[in-house]
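Secondary and tertiary structure notes
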Amino acid sequence: MSGPTAGGEPGANGVNPDKDLNAQNLPGQRGDHGEAIRVQRGMFGARNGGDTSGYGGLVRTVRLPGEATRPYGGYFDEVADELEGALEEQGLLPESAIEKTVVDRGELTFHIAREHLPRVARTLRDDPALRFELCTGVSGVHFPGDKGRELHAVYHLRSITHNRLIRLEVSVPDADPHLPSLVDVYPTNDWHEREAYDFFGLVFDGHPALTRIMMPDDWQGFPQRKDYPLGGIPVEYKGARIPAPDERRSYS
Amino acid sequence: MGLEEKLPSGFALTTVEQAAGWVRKSSVFPATFGLACCAIEMMTTGAGRYDLARFGMEVFRGSPRQADLMIVAGRVSQKMAPVLRQVYDQMPNPKWVISMGVCASSGGMFNNYAIVQGVDHIVPVDIYLPGCPPRPEMLMDAILKLHRKIQGEKLGPHREKAEREAEDAALKALPLIEMKGLLR
Amino acid sequence: MSASPASPRETTEGTVYTVTGGDWDELAAEAKQADDERIIVNMGPQHPSTHGVLRLILEIDGETVTEARCGIGYLHTGIEKNLEYRTWTQGTTFVTRMDYLTPFFNETAYCLGVEKLLGIEEQIPDRASVIRVLLMELNRISSHLVCIATGGMELGATTIMIYGFRDRELVLDIYELITGLRMNHAYVRPGGLAQDLPPGAVDQVRAFVKKMRKNLPEYDKLATGNPIFKGRLQDIGHLDLAGCMALGATGPILRATGLPHDLRKSQPYCGYDTYDFEVPTADTCDAYGRFLIRIEEMHQSLRIVEQCLDRLAPGPVMVADKKIAWPAQLALGPDGLGNSLDHIKKIMGTSMEALIHHFKLVTEGFRVPPGQVYAAVESPKGELGVHVVSDGGTRPYRVHFRDPSFTNLQSMAAMCEGGQVADVIVAVASIDPVMGGVDR
């Protein structure tokens with residue numbers, strides 16, 4: 001096992017799946033070199049009420065799909081070549097801008113270092129061989145288990161000229177949730193970035209007016225982060241009280 | 001006009017009550033308070049097939065000053081709540097509120113940080129209308145029930161008495177959690 | 001007293017200005033600054049002409065809008081967060097309530113995303129895909145009808161509103177027959193559909209197509225050539241191709257600039273590449289062009305609906321993989337809910353394992369391998385994209401909807417600034433924002 005040992009605590013059976021992945025008594029894992037986002041304990045995720053299935057001691061690290069190796073297939077190689085070439089022409093080492101490239105389920109994702117995001121986006125938009133004219137906005141994702149890279153900003157870029165779609169992903173730590181704004185390159189991201197700020201607390205430096213857009217202006221906290229509760233209330237019926245969805249027993 | 005409120009309790013007031021109730025129920029002016037999916041069904045109710053004009057209330061007023069019925073059609077968010085209350089406060093008395101749909105009535109499936117869990121936290125509600133969204137027929141049923149309520153509305157001393165009785169009954173009623181019976 | 005050319009002096013009669021001559025340019029500049037004509041108007045969030053709970057903040061100089069901004073979020077429902085506490089299948093119940101005028105598009109986009117995560121796109125039965133297309137195209141008609149109807153009402157044209165809702169009722173009757181609900185269907189499920197078409201549905205859709213072919217030209221007679229209607233719509237809400245690209249506007253707004261961009265053609269899903277239809281465009285970049293495109297798209301949708309009916313072959317409507325497939329052979333029970341008596345008989349009477357499996361599938365749900373996908377469909381308003389992230393659990397880890405209404409509404413400022421106040425209504429109506437989709 002070559003990857004990092006995030007969440008590498010031994011399970012109840014004394015076996016650490018990260019270290020002893022080659023042990024014959026453990027199931028194989030999908031993508032063992034991607035980012036670890038959480039640790040699954042037991043089979044059913046139930047924490048209260050006990051797990052009588054006999055799988056209660058199972059400990060498994062959940063990883064996102066890992067880095068891909070060339071060839072990526074389809075038009076992905078062409079896009080990657082063009083992007084790397086165009087960045088080199090501008091005197092920017094592709095390795096320093098593109099942290100890694102993931103190909104999963106027929107989609108290409110470039111993980112971009114945050115300081116180089118505007119440059120990469122501008123290159124993707126302006127280079128005639130790339131021409132990603134349309135940005136479909138930014139979607140924030142919060143991975144509290146992905147230490148040092150908790151907040152992800154995900155951009156999808158569509159090229160109408162070449163009929164292509166790629167994804168850019170930028171990761172920032174919770175402690176320093178700053179990344180450059182793309183409003184200069186794609187004005188459509190104006191509201192999208194405000195939304196990501198409103199829900200996740202991602203601070204887009206250089207945005208013309210980064211204020212809350214969905215929640216009231218005086219709202220406390222960033223409601224769609226994983227550490228923010230759903231905020232439901234228990235519902236009363238005749239002689240019974242049903243807890244809010246986030247406080248019920250969960251099987252996930 | 002205010003005069004009816006000053007009549008002494010008795011036969012005259014009962015007669016005026018009936019007349020005022022009939023007049024009021026026959027020309028209810030709803031304020032447009034469309035919020036979400038229910039607003040589309042509310043508009044459908046006003047349109048051709050269901051034709052709310054049959055009950056003398058097809059004219060939805062844009063201004064709350066000219067309206068006496070607020071149909072809260074849809075989910076009320078925390079951000080919308082103060083606006084809703086302000087619109088309600090602008091409506092002249094007497095005024096009624098229909099909470100249309102399960103989101104307005106109780107928050108419904110959106111039991112979360114963003115939605116007010118029932119518009120009765122903000123304004124008094126006369127009719128709760130379930131459904132997601134309720135069919136136009138259901139809205140018309142709610143409106144007809146409200147008409148019946150308006151017809152029977154008391155005035156002056158009668159109203160004070162009715163209000164006192166309603167409050168006493170509410171104070172004596174069992175809370176939902178202490179009721180026995182089927183889960184519903 | 002100061003030496004200013006026009007100095008104010010307070011008297012018992014009020015402020016008295018003493019003009020002592022001098023530089024009139026300065027006076028003119030001052031007067032311009034104290035312009036009483038420039039006012040800020042706050043429209044909404046509860047206003048009959050703002051298409052829902054949209055708040056418009058307009059800075060007006062006389063009748064001219066000098067600056068326009070939107071205030072949104074008055075219908076923010078937290079649906080994306082709610083999804084994270086429900087199973088993947090239950091998710092359709094929530095997404096269908098986002099843009100409540102295009103429920104089938106929300107459901108299909110979400111389900112395409114989940115199916116892509118599961119890697120079962122190829123296993124979706126043909127019949128399920130055909131019914132999805134059928135319902136989406138019917139939905140395109142009903143959504144455009146509401147857009148035209150409410151847009152007309154906001155202009156003061158009540159007749160067109162009555163017409164639009166009359167025809168929309170016909171579509172809603174079909175929905176009700178097929179899904180049991182007029183709105184908020186949750187009919188499209190990951191892996192297929194909730195149930196098959198009921199008997200009589202095909203005939204009713206055929207009758208509808210025939211009737212709609214007769215009704216659609218009425219809109220042309222009523223509005224398309226109407227000089228007042230044209231006068232209100234033509235050259236209003238101008239947004240050219242460069243503006244659309246920069247602001248990410250898609251759908252009829254983009255096609256009104258002459259670019260025939262339609263995901264059904266460029267990135268086909270649900271087998272759209274096998275259907276014969278055209279992508280209407282206009283080159284006027286204005287509200288009138290968008291109206292014409294919507295009318296023509298309804299004609300094209302009718303063509304697709306007919307092709308769907310022709311190719312409906314008997315077969316399953318749910319994937320064969322029993323680890324994912326919810327029971328889909330449902331019938332309406334006396335309690336008004338869908339149920340499958342055969343299925344209940346089997347799991348209760350013959351197979352304990354099937355009962356356990358059914359129980360676990362319905363209460364716990366299926367697991368989706370970790371990863372993220374983006375699925376997009378061409379909704380009546382533009383590109384409806386779904387970014388779905390899974391962490392390998394039985395619930396979505398994060399679902400983000402890129403709703404076309406949200407993105408298109410940003411172009412309101414570009415369309416309205418410099419125009420007249422009355423034209424703001426036309427421009428907003430031509431964007432066709434649905435606040436449920438904007439705020440989610």
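Scroll up for the structure.
Basis of the calculations
Residues numbered from 1 in each chain as written. Chains lettered and ligands numbered in written order. Predicted model: local features only at pLDDT ≥ 70, side-chain atom pairs only at ≥ 80, totals over all residues. Heavy atoms only, no water. Contact = heavy atoms within 4.5 Å. Buried area = accessible area lost by both parts, 1.4 Å probe. Salt bridge = Lys/Arg side-chain N within 4 Å of Asp/Glu carboxyl O. Helix = DSSP H or I, 4+ residues; strand = E, 2+ residues; numbered from the N terminus. Nonpolar A, V, L, I, M, F, W, Y, C, P; charged D, E, K, R; others polar. Core = buried A, V, L, I, M, F, W, Y, C linked by side-chain atoms within 4.5 Å. Buried < 20%, exposed > 50% of the residue type's maximum accessible area, 1.4 Å probe, protein only. Patch = residues over 30% accessible without salt bridge, like charges linked within 9 Å, V, L, I, M, F, W, Y side chains within 5 Å. Areas by Shrake-Rupley, 256 points an atom, 1.4 Å probe, with all protein chains shown as cover. Lys, Arg positive; Asp, Glu negative; His and termini not counted. Charge placed at Lys NZ, Arg CZ, Asp CG, Glu CD. Pairing = 2+ DSSP bridges. Axes fitted to C-alpha atoms, helices over the stretch in contact; angles between N-to-C directions. Polar contact = N/O pair within 3.5 Å; in protein donor to acceptor, adjacent residues only side chain to side chain. Phe/Tyr/Trp six-rings, centres within 6.5 Å; stacked < 30°, edge-to-face > 60°. Lys NZ or Arg CZ within 6 Å of the ring centre and 35° of its normal.

**Looking at the interface of chain A and chain C**
Taken together, the contact pairs 60 residues of chain A with 55 residues of chain C. Around 4700 Å² of area is buried between chain A and chain C when both sides are counted, 55% of it from carbon and sulfur atoms. Broken down residue by residue, the surface that chain A buries against chain C is led by R105, W191 and M214 of chain A, which jointly contribute 16%. Linking chain A to chain C there are five salt bridges. Between K226 of chain A and E84 of chain C there is a salt bridge; the shortest N-O distance is 3.1 Å. Looking at the side of chain A that touches chain C, the elements that each hand over two or more residues are β1 (36–41), β2 (59–63), β4 (107–112), β5 (134–142), β6 (151–159), β7 (164–172) and α4 (189–200) of chain A. Counting residues per element, the side of chain A that touches chain C draws most heavily on β5 of chain A, at eight residues. Its residues assigned to classes, the side of chain A that touches chain C comprises 29 nonpolar, 13 polar and 18 charged.

**Regarding the nonpolar core**
Counting 205 residues, the largest nonpolar core has F110 and Y155 of chain A, M70 of chain B together with I72 and F208 of chain C as its most contacted members. Ranked by the residues each element gives to this core, the list is headed by helix α5 (residues 126–155) of chain C, at 13 residues. Filtering out sequence-adjacent residues up to four positions away, M70 of chain B remains in contact with F33, L84, V87, Y88, M91, W96, V97, I98 and V123 of chain B. Counting 21 residues, the second largest nonpolar core, distinct from the first, contains M42, W96, I98 and M100 of chain B.

**Section: a negative patch on the surface**
Residue and element names in this part refer to chain A. A cluster of acidic residues, E82, E88, E89 and E95, forms a negative patch on the protein surface. Here the negative patch gets three residues from one element, more than from any other, and that element is helix α1 (residues 76–89). Considering the arrangement of structural elements, one finds E89 in helix α1.

**Observations concerning the sheet that holds β4 of chain A**
Residues and elements named next belong to chain A. Taken together, the five strands give an open sheet; going across it, the order is β3-β4-β7-β6-β5, and neighbouring strands pair in mixed fashion. Each edge of the open sheet carries a strand with a single partner, namely β3 (98–104) and β5. Strand after strand, the sheet turns through a mean of 20° between neighbouring axes, direction not considered. Pairing between β6 and β7: nine bridges, direction antiparallel. Bridging from a neighbouring strand, R158 pairs with L165 of β7. The sheet contacts of α1 involve β3, β4 and β7, and relative to β4 the element is tilted by about 25°. Across the sheet, helix α3 (residues 117–126) lies against β4, β6 and β7, angled at about 175° from β7, the strand it touches most.

**A short note on the interface of chain B and chain C**
Tallying the contact residues gives 32 residues for chain B and 35 residues for chain C. Both sides together, the interface formed by chain B and chain C hides about 2900 Å², and carbon and sulfur atoms give 61% of it. Counting the surface chain B buries against chain C, the share from its top three residues, I40, R75 and M109 of chain B, is 19%. At the boundary of chain B with chain C, the tally comes to four salt bridges. Across the pair E169 of chain C and R49 of chain B runs a salt bridge whose closest N-O atoms are separated by 3.5 Å. Connecting chain B to chain C are 14 residue pairs in polar contact (both at pLDDT 80 or more). For the side of chain B that touches chain C, the secondary structure elements donating two or more residues are α2 (37–46) and α3 (81–90) of chain B. For the side of chain B that touches chain C, the element with the highest residue contribution is α2 of chain B, accounting for five residues.

**Re the packing of aromatic side chains**
Both the distance between ring centres and the angle between the ring planes are used here to describe each pair of aromatic rings. The final tally for this structure, using the stated rule, is 13 aromatic pairs over all chains. Summarising the aromatic geometry, the rings of Y163 of chain C and Y219 of chain C are spaced 6.5 Å apart at their centres and angled 80° between planes, so their arrangement reads as edge-to-face. Of this pair, Y163 of chain C sits in helix α6 (residues 158–179) while Y219 of chain C sits in helix α7 (residues 201–224); the two residues are 56 residues apart in sequence, bridging distant segments of the chain. When its relative accessible area of 25% is taken as the criterion, Y163 of chain C is described as partly exposed. Overall, Y219 of chain C belongs to the buried group, its relative accessible area being 0%. Measuring from ring centre to ring centre gives 6.1 Å for Y272 of chain C and F277 of chain C, while their planes differ by 65°; the resulting arrangement is edge-to-face. For the pair shown, Y272 of chain C and F277 of chain C are each scored as buried. Three or more aromatic residues joined by ring pairs form one cluster here, namely Y269, Y272, Y275 and F277 of chain C. Here the basic side chain of K95 of chain B rests over the ring of Y88 of chain B, its NZ or CZ set 4.2 Å away from the ring centre.

That is the geometry; function is a separate question.
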